[in-house]
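Commentary on secondary and tertiary structure
Here is what each chain is made of, one letter per residue.
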Amino acid sequence: MREPSNFIGIIAGTGELPLLIAKEAKRQALRVFTVALKELASPEIENLSDEVRWISIGKLGSIIETLKKASINKVVMAGKAPKELLYRSSIMPDLRAIKLLMSLPDRKDDTIMLSIVKELEKDGINVLKITDLAGSLLVKEGVFTKKRPTKAQIEDIEFGFNIAKEVGRLDIGQTVVVKDRAVMAVEAIEGTDRAIKRGGKLAHEGAVVVKVSKPQQDLRFDVPVAGIETIKSMKESGCSVLALEAGACLFVQKDKAIEEADNSGIVIVGYKPNCSLPT
């Protein structure tokens, strides 16, 4: 029998975050039991876990039963699970997932994720805050790059921040792309990178990307994350500034992202309302 207090479960979606969570758990002398979502998780999670089970994202019942059989009563849900997967015919939900989806009043991100959390909790599986194991990744206030924002770019950051917060309040997305205090793109079901590419191309270079937490952000899921892929999407579409809400967004692969930004002439800032950014 496993000793539950020695184990942490990770439900691993896409991106770098599940890998970083696993590394931090190891640093805290915890053993890692990972449910890796087949369509999303990186194969690297195998090297960072004591045990791994690969399960399709649609098999909610299987995920819960697997965790229960392994005596895992604490999990972290880490990594993005794009909502567009709900509309792919190749994803076959099991009976428990179908019942959950049929019971939902809508398919907003928070509605779906909170319902999944409640399903896990029904079976004695407690979902921890992502920041319990990734607090060190929270963005700090200030300018991270060699290049600093101009006065006009700071005005766009301030404008975009308020728009992004409102979009988040409506549970549509967490990112907006703006230029000259006009909205070029709002993140929706397509995700951050595709919204950046769309908005950057519409702006014809010089756009500002603002990423924030929702006003009602639940730290157990969907915490906003940026990293080197964010910078690559900005570079591809000609965006100039990335503003992340300080104390509320996670910044993964930070050193690599800053190096890529410096090489591309992109500005990265951690922003809070009324903070003073150097120009």
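Okay, so let's go over this structure. Note that the structure is predicted; figures quoted are calculated from it, not measured.

The secondary structure content of the protein chain amounts to 9 helices and 13 strands. At 19 Å, the protein chain has a C-alpha radius of gyration in line with the 19 Å of a compact globule built from 279 residues. The principal-axis extent of the C-alpha atoms belonging to the protein chain is close to 60 × 40 × 30 Å. Within the span of the protein chain, comprising 279 residues, buried residues form 52% of the whole. In the protein chain, of all internal contacts separated by at least 6 residues, the share reaching a separation of at least 24 is 73%. Across the protein chain, 42 positive and 38 negative side-chain charges occur, with their mean positions spaced 2 Å apart.

Before going further, it helps to spend a moment on unusual backbone geometry. One can expect most non-glycine residues to show negative phi and most peptide bonds to be in trans. Phi at R181 takes a positive value of approximately 55°, unusual for a residue other than glycine. Among the structural elements, R181 can be located in the loop between β7 (175-179) and β8 (182-186).

Contact geometry for helix α2 (residues 60-69) and helix α4 (residues 109-122): axes closest at 10 Å, N-to-C directions at 40°. By the angle class used here, α2 and α4 are oblique. Of the two elements, α2 crosses α4, and the hand of that crossing is right-handed. Counted together, L60, I64 and L67 of α2 and I116, E119 and L120 of α4 form the full contact between these two elements. Here the residues of the contact of α2 with α4 sort into 5 nonpolar, no polar and 1 charged.

Glancing now at the sheet that holds strand β13 (residues 267-271). Ordered by their spatial adjacency, 6 strands build an open sheet running β6-β13-β11-β9-β7-β8, and the pairing between neighbours is mixed. Two strands bound the open sheet, and with one partner strand each, they are β6 (142-143) and β8. In the sheet, strand β9 (residues 207-211) pairs with strand β11 (residues 239-245) via 5 bridges, with the strands oriented parallel. Residue pairing for β11: K211 is matched across the bridge by L244.

Along the chain, E65 turns up in helix α2. Sequence separation between E65 and D123 is 58 residues, and the spatial gap between their C-alpha atoms is 8.8 Å.

For the rest of this paragraph, the subject is the sheet that holds strand β5 (residues 126-127). Strand order in the open sheet made by the 5 strands is β3-β2-β1-β4-β5, with parallel pairing throughout. In the strand order of this sheet, the two ends are held by β3 (51-55) and β5, each with one partner. Where strand β4 (residues 74-78) and β5 come together, 2 bridges link them in parallel fashion. Bridging from a neighbouring strand, K74 pairs with N126 of β5.

Calculation rules
Residues numbered from 1 in each chain as written. Predicted model: local features only at pLDDT ≥ 70, side-chain atom pairs only at ≥ 80, totals over all residues. Heavy atoms only, no water. Helix = DSSP H or I, 4+ residues; strand = E, 2+ residues; numbered from the N terminus. Rg over C-alpha atoms; globule rule 2.2 N^0.38 Å. Buried < 20%, exposed > 50% of the residue type's maximum accessible area, 1.4 Å probe, protein only. Contact = heavy atoms within 4.5 Å. Lys, Arg positive; Asp, Glu negative; His and termini not counted. Charge placed at Lys NZ, Arg CZ, Asp CG, Glu CD. Axes fitted to C-alpha atoms, helices over the stretch in contact; angles between N-to-C directions. Parallel < 35°, antiparallel > 145°, perpendicular 65-115°, else oblique. Left-handed = near helix turned anticlockwise from the far one by under 90°. Nonpolar A, V, L, I, M, F, W, Y, C, P; charged D, E, K, R; others polar. Pairing = 2+ DSSP bridges.

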